[in-house]
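Read off the chains here:
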Amino acid sequence: MLVRKTASDRISVKARRKKSICTHLSHLFCVWLLMANTAAAEQKFLVEPMDVIVTAGRESSITLHCKVQGRVGMLQWTRDGFGLGPERELLGFERYTMIGSDQDGNYSLYIYPVKLEDDAFYQCQVMASNAVPGIRSRTAKVTVQVPPEAPVIVQGPRLRTTAGMQLNLECESNGGKPAAEVEWLDAKGAVISSGVTASSTPMGESKRFNSKAMLALTPSQAHDGQTLTCRSKSNALSKPLTANISLEVKYAPDVTLTANNMKIVEFDSVTFTCAARANPDDVVYTWYKDNVVIPGNHTISMSLTRVTRDLHGSAISCEVRNTVGKSKASTTLNILFGPKFTTPPSPVAADRDTDVTLTCHVAGNPKPEIVWTFEKSNRVVASGSKLTITGVSLEKAGRYRCRATVPGFPEIQDYYNVLLKGVPVVRSQPVQYGIERDMVMIECNIRSVPPPTRVLWFHNEKEIDPDSNARYRIEQDPLEDGVRNILLIHESQESDFGHYNCTAFNNFGSDYMVIVLKQQKIIPLMIVLASVIGGITVVVTITIIIVLWVRRHRKLTDEAHHEPEKQSKTSDRSSNDSDLKVEIRTSSSLSNNDSEAWDENSVDQRRVSTTHDTFRYSADYVESVFPPKVETHNNNGYIPYVDYQRDYNPPPLTALSRNSFYSGIGQVDPRYQAAYANPYLGSSTAVLPPPQVYTTSMNVIGNTSPSASISVVPLATSPRTETSQGQYITSSQMPMKSGTLATHV
């Protein structure tokens with residue numbers, strides 16, 4: 001049913017519409033007004049705090065910046081969401097302060113000193129006020145670092161250990177934030193990466209960490225005396241922290257074996273030295289040869305004298321031990337020696353047109369150089385220890401020489417005989433001799449390759465069978481290329497001499513030879529003995545004659561060599577030690593009456609013989625002797641030769657008598673008194689005995705007169721002048737010659 005609206009209803013609807021429009025417009029105005037007020041009271045940050053990393057310490061501080069524009073609400077800082085308070089002097093947080101001023105809008109947070117508890121998240125907040133919303137800054141992270149403690153090595157600063165024993169060295173560095181990085185360094189400062197295990201564990205809720213590094217080490221000789229370092233690194237440290245540990249490692253000896261002669265030649269001597277490093281160094285040495293202990297006292301060195309090639313390749317070892325263990329060092333002897341055949345050569349029998357290999361077994365060091373030559377051509381056919389001969393024939397059969405050389409040693413050589421198999425060949429002396437009733441030997445040389453299978457002997461076309469006749473015996477000696485077959489006949493008879501047939505057989509055929517046995521003529525034993533004795537006698541006689549001749553010739557040579565020296569010595573003794581003058585006279589120089597006058601007053605023959613032996617000259621000297629002439633100039637002690645024939649006239653023989661000779665006794669010649677100090681020359685005539693004349697006869701060689709005499713007379717004692725007479729006795733018939741005698745005074 002439709003309801004008709006009245007006018008009043010229409011008026012009320014319009015009124016309501018207007019009222020609704022008015023209400024809507026007021027709301028819009030209110031919103032606009034509110035928005036205008038809000039724009040006039042907006043809060044915003046001009047500077048917000050940033051993340052900070054700082055190291056805790058008394059001198060460390062941080063500032064978290066916060067500037068706000070148009071602040072209307074309350075402002076505060078939060079730490080990990082917990083508000084610190086709106087006042088600038090933050091009560092309860094004496095190390096915290098908001099610096100700046102409200103006029104500047106600076107509300108920065110200043111922390112001094114920084115501690116580990118300051119490690120947190122910080123935010124600057126402004127509360128809402130009077131429909132002005134609050135604002136919050138970005139969250140700033142403050143990271144507080146704490147330096148770790150100095151590293152500590154659990155085993156201490158010094159460690160004694162033994163080589164080969166595994167160690168676990170532990171180093172700790174605690175209380176660091178962040179966790180410290182711990183590492184090990186070797187003696188050279190290099191980081192050890194092998195065997196190191198590092199780890200970190202937190203210290204409860206303090207945000208700090210304990211760090212450690214474990215080093216697994218097996219010490220050796222090289223570690224003895226070394227110092228290892230533990231190093232702790234952290235960002236909170238300006239430089240790393242370190243700790244050291246010194247290792248003392250006991251180890252078994254480290255042995256080095258050396259020789260004083262690196263080039264050992266056979267028959268040289270060599271000394272080995274065993275140098276050992278050990279801790280402790282109280283060591284004991286033991287020497288081995290081929291793992292057998294060498295007898296003797298063992299020290300640091302060991303000598304081998306006159307080493308031979310038998311020691312070549314032997315192992316010389318030195319073992320050194322201490323309380324930790326033992327070590328051994330070895331060396332192999334390398335002895336240089338010349339070539340030597342190890343296996344003697346033996347002949348090789350070969351069939352025709354076959355191959356033969358010869359091996360020359362020679363030892364030497366260095367390895368010998370071997371050359372093969374063929375005897376028939378003397379040319380080199382191969383080199384090396386083996387020689388292969390292909391297609392053996394009569395031309396290739398023969399002796400092959402193996403020559404081996406080693407530098408520095410004499411070469412050696414030997415022969416290898418290649419024999420060609422074939423028919424035997426009988427060769428021997430066609431005529432052989434024997435003695436009847438003695439044992440007779442008939443020799444048959446057979447060249448046969450292979451050796452003969454049978455040898456037969458025939459005599460007068462009858463085969464000789466040693467088994468049936470005991471007088472016969474057959475012996476056989478092997479040769480290189482055959483045999484020597486000998487037929488022995490005991491107590492031979494005349495019928496045994498004649499023709500013999502020697503026949504040899506082998507697999508290739510046979511050969512024979514006829515040998516004639518003749519009787520040997522015997523020389524009688526007495527003839528042989530006589531010939532031997534006679535020969536010995538002749539040889540001995542000739543030897544004796546030669547020896548006697550050599551001795552006589554040597555004696556005559558020595559006398560001829562020493563005669564001038566003997567004459568010189570005798571002349572010096574006569575002129576220096578005697579006041580007598582000697583004159584050689586022939587029998588014609590003095591009359592027989594004068595000689596007899598001298599002989600009457602002469603002494604017995606014994607004194608004559610003594611004087612003659614003392615003052616005699618060589619028998620072959622025939623010239624007259626005169627006293628030297630006194631010279632006034634210096635002749636260095638020598639008296640010159642004087643020609644007495646020129647300046648001296650001997651007194652006549654008639655003036656020479658016994659009475660006149662002794663008339664001057666008692667007066668001394670001043671020349672001899674001063675020089676010789678003869679006591680008799682200076683005495684008076686009352687006490688002097690009468691002078692005597694010594695005369696003896698001597699044959700003079702080369703003098704044709706029947707006899708010659710040497711007269712020894714004392715000097716006259718009358719005052720001497722150069723022309724005084726009675727001092728010398730000479731023959732007026734003897735020709736005077738120039739003197740040739742020089743006398744040293």
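J.: Would you mind showing me how to read the overall build of the protein chain here?
T.: Check the secondary structure of the protein chain and you find 7 helices and 49 strands. Counting every position in the protein chain, which comprises 745 residues, the buried fraction comes to 34%. Across the protein chain, the fraction of contacts at a sequence separation of at least 24, relative to all contacts at a separation of at least 6, is 65%. A total of about 45,700 Å² of accessible surface is found on the protein chain, and carbon and sulfur atoms cover 54% of it.

J.: When you look at the pairing of strand β17 (residues 209–217) in this model, what are you seeing that I'm missing?
T.: Both faces of the sheet carry side chains from a regular strand, because those side chains alternate between them. Direction of pairing for strand β14 (residues 167–176) relative to β17: antiparallel, over a ladder of 8 bridges. Looking at the pairing, G176 lines up with F209 of β17. If you look at the hairpin formed by strand β16 (residues 196–202) and β17, you'll find 6 residues sitting between the two strands, and G204 has a positive phi there, around 60°.

J.: Would you mind going over a nonpolar patch on the surface with me for this structure?
T.: Judged by side-chain polarity, I523, L525, M526, I527, V528, L529, V532, I533, I536, V540, I544 and L548 come together as a nonpolar surface patch covering roughly 1,200 Å² of accessible area. For L529, the location among the structural elements is in helix α2 (residues 525–577).

J.: Can you help me understand the nonpolar core in this one?
T.: Soluble globular proteins tend to pack their nonpolar side chains together in the buried interior. Counting 24 residues, the largest nonpolar core has V68, W77, Y96, L109 and Y122 as its most contacted members. Elements that contribute at least two residues to this core include exactly β3 (62–64), β5 (75–79), β7 (96–99), β8 (108–111), β9 (120–126) and β11 (140–145). Examining the composition of this core, we find that 4 residues originate from one element, β9, more than from any other. Here L109 is in contact with I62, T63, L64, W77, L84, L90, Y96, T97 and Y122, once residues within four sequence places are set aside. A278, I294, L311 and I335 belong to the second-largest nonpolar core, a separate cluster that totals 22 residues.

J.: What am I meant to see in the environment of R231 here?
T.: Its location among the elements puts R231 in strand β18 (residues 227–233). Along the primary structure R231 and E183 are separated by 48 residues, whereas in three dimensions their C-alpha atoms are 5.4 Å apart. Here the side chain of R231 touches E183 through a polar contact of 2.3 Å, side chain to side chain.

J.: Quick question: what am I supposed to make of unusual backbone geometry here?
T.: Where the residue is not glycine, phi is negative for most of them; where a peptide bond is considered, it is trans in most cases. Of note, the bond from K177 into P178 is cis; its omega dihedral lies within 30 degrees of zero at 0°. Here P178 lies in the loop between β14 and β15 (181–185). Unlike most non-glycine residues, D290 shows phi in positive territory, near 55°. Relative to the elements of secondary structure, D290 occurs in the loop between β22 (284–289) and β23 (292–293). Unusually for a residue other than glycine, D353 sits at a positive phi of about 70°. Within the element layout of this structure, D353 appears in the loop between β28 (348–350) and β29 (356–359).

J.: What is the right way to look at the sheet that holds strand β37 (residues 431–434) in this model?
T.: Hydrogen bonds along the backbone pair up the strands of a sheet, which may run parallel or antiparallel. Spatial strand order, β37-β44-β43-β39-β40: 5 strands in an open sheet with mixed pairing. Only two strands of the sheet have a single neighbouring strand rather than two, namely β37 and β40 (462–463). Where strand β39 (residues 454–459) and β40 come together, 2 bridges link them in antiparallel fashion. If you follow H459 over to β40, its bridge partner there is K462.

J.: Can you help me understand the sheet that holds strand β32 (residues 380–383) in this one?
T.: The mixed open sheet is built from 5 strands, whose spatial order is β28-β35-β34-β31-β32. One side of each edge strand has no neighbouring strand; the edge strands of this open sheet are β28 and β32. Between one strand axis and the next, the sheet turns by 25° as a mean value, whatever way the strands run. Of the strand pairs in this sheet, strand β31 (residues 369–374) and strand β34 (residues 398–405) are connected by 6 bridges, and their pairing is antiparallel. Bridge pairing in β34 links F374 to Y400.

J.: I tried to follow the packing of aromatic side chains on my own but got confused; where do I start?
T.: Under the defined criterion, the tally for this structure stands at 5 aromatic pairs. Each ring, one from F93 and one from Y96, has its centre 5.7 Å from the other, and the planes form 25°; the classification is stacked. Since its relative accessible area comes to 18%, F93 is described here as buried. Put simply, the rings of F93, Y96 and Y122 touch in pairs and so form one group of aromatic residues. Between R454 and the ring centre of F505, over which it is positioned, the NZ or CZ distance is 4.4 Å. The cationic tip of R471 hangs over the ring face of Y472; the distance from NZ or CZ to the ring centre is 5.6 Å.

J.: So what exactly am I meant to see when it comes to the state of the cysteines here?
T.: Linking two cysteines covalently through their sulfur atoms gives a disulfide. Tallied over the entire structure, the rule returns 5 disulfides. Between C171 and C230 runs a disulfide, and the two sulfur atoms are separated by 1.7 Å. Here the disulfide of C171 and C230 is left-handed, its torsion about the S-S bond being about -85°. One end of the pair, C171, is in strand β14; the other, C230, is in strand β18, with 59 residues separating them in the sequence. Residue C171 is classed as buried on the basis of its relative accessible area, which comes to 0%. Shown here is the disulfide that connects C274 with C318, its sulfur atoms set 2.0 Å apart. Judged by the torsion about the S-S bond (-95°), the C274/C318 disulfide is left-handed. One end of the pair, C274, is in strand β21 (residues 270–279); the other, C318, is in strand β25 (residues 315–321), with 44 residues separating them in the sequence. By the burial criterion, C274 is buried, and C318 matches it.

J.: Help me understand the side chain of N365, please; the structure alone is not making it clear to me.
T.: Along the polypeptide, N365 turns up in strand β30 (residues 362–365). Note on N365: relative accessible area 13%, which makes it buried. A distance of 2.7 Å separates polar atoms of two side chains, one belonging to N365 and the other to N334. At 2.6 Å, the side chain of N365 forms a polar contact with the backbone oxygen of I335. Leave out the neighbours within four places in its chain, and N365 touches H312, N334, I335, L336, F337, V406 and F409.

J.: Looking at this structure, how should I read the side chain of E266?
T.: Locating E266 in the fold gives a position in the loop between β20 (264–265) and β21. Of the polar contacts made by the side chain of E266, one reaches the side chain of R309; its length is 3.1 Å. Every residue in contact with E266, bar those within four places of it in the chain, is listed here: V307, T308, R309, I335, L336, F337 and G338.

Rules behind the numbers
Residues numbered from 1 in each chain as written. Predicted model: local features only at pLDDT ≥ 70, side-chain atom pairs only at ≥ 80, totals over all residues. Heavy atoms only, no water. Helix = DSSP H or I, 4+ residues; strand = E, 2+ residues; numbered from the N terminus. Buried < 20%, exposed > 50% of the residue type's maximum accessible area, 1.4 Å probe, protein only. Contact = heavy atoms within 4.5 Å. Areas by Shrake-Rupley, 256 points an atom, 1.4 Å probe, with all protein chains shown as cover. Pairing = 2+ DSSP bridges. Patch = residues over 30% accessible without salt bridge, like charges linked within 9 Å, V, L, I, M, F, W, Y side chains within 5 Å. Salt bridge = Lys/Arg side-chain N within 4 Å of Asp/Glu carboxyl O. Core = buried A, V, L, I, M, F, W, Y, C linked by side-chain atoms within 4.5 Å. Polar contact = N/O pair within 3.5 Å; in protein donor to acceptor, adjacent residues only side chain to side chain. Axes fitted to C-alpha atoms, helices over the stretch in contact; angles between N-to-C directions. Phe/Tyr/Trp six-rings, centres within 6.5 Å; stacked < 30°, edge-to-face > 60°. Lys NZ or Arg CZ within 6 Å of the ring centre and 35° of its normal. Disulfide = S-S within 2.5 Å.

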